[in-house]
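Each chain, letter by letter, is given below.
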Amino acid sequence: MEPEEGSNTTKIQVRHKTLGLIKRRFLNSEKMLAVYDWVGSNSLLPFHFQLSCYNGHVVMPDERITSLEGYTLNMVESVDTPGLDDEDVQFKGIGYHATTSNDDTLNDLSLL
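Residues numbered from 1 in each chain as written. Predicted model: local features only at pLDDT ≥ 70, side-chain atom pairs only at ≥ 80, totals over all residues. Heavy atoms only, no water.

(A) Fine view of the pairing of strand 3 (residues 49–52). By the bridge criterion, four bridges tie strand 3 to strand 5 (residues 72–77) in an arrangement that is antiparallel. By the bridge assignment, Leu-51 is partnered in strand 5 with Met-75. By the bridge criterion, two bridges tie strand 3 to strand 4 (residues 58–59) in an arrangement that is antiparallel. Opposite Ser-52, over in strand 4, you have Val-58 as the bridge partner. Hairpin remark: strand 3 followed by strand 4, antiparallel, with five residues in the connecting loop; positive phi at Gly-56, about 90 degrees. (Pairing = 2+ DSSP bridges. Helix = DSSP H or I, 4+ residues; strand = E, 2+ residues; numbered from the N terminus.)

(B) How the structure looks around the sheet that holds strand 2 (residues 20–27). The strand order 2-1-5-3-4 describes an open sheet built from five strands, whose pairing is mixed. Pairing within the sheet leaves two strands with one partner each, and these edge strands are strand 2 and strand 4. Sheet analysis places strand 1 (residues 9–16) next to strand 5, joined by three bridges and oriented parallel. By the bridge assignment, Gln-13 is partnered in strand 5 with Thr-72.

Geometric descriptors of this kind do not, in isolation, establish any biological role.
Listed below in structure tokens is the structure:
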């Protein structure tokens with residue numbers, strides 16, 4: 001859901017390869033990963049893409065959203081979508097619960 005306009009938001013616009021110019025607000029606390037997710041969710045094609053500034057600088061998913069306010073980003077089809085550094089990946093796995101450290105209820109994943 002798009003946040004309401006306010007001082008804690010940044011408006012991002014992207015020249016999408018198939019949809020034209022698309023715009024959306026994001027919370028200032030978010031990183032460009034949220035923009036990549038949003039752009040990718042609008043259309044199945046292109047499957048892999050990069051977002052870049054007018055000067056060709058590829059915007060990485062771990063960059064701060066606020067650094068790109070006022071720019072129109074370009075969607076460029078690519079061989080691969082930029083990834084995250086290992087330290088930015090937060091996936092904990094199936095059945096992970098921060099409050100329970102020894103939960104063995106899903107120890108046999110072959111049952112799923």
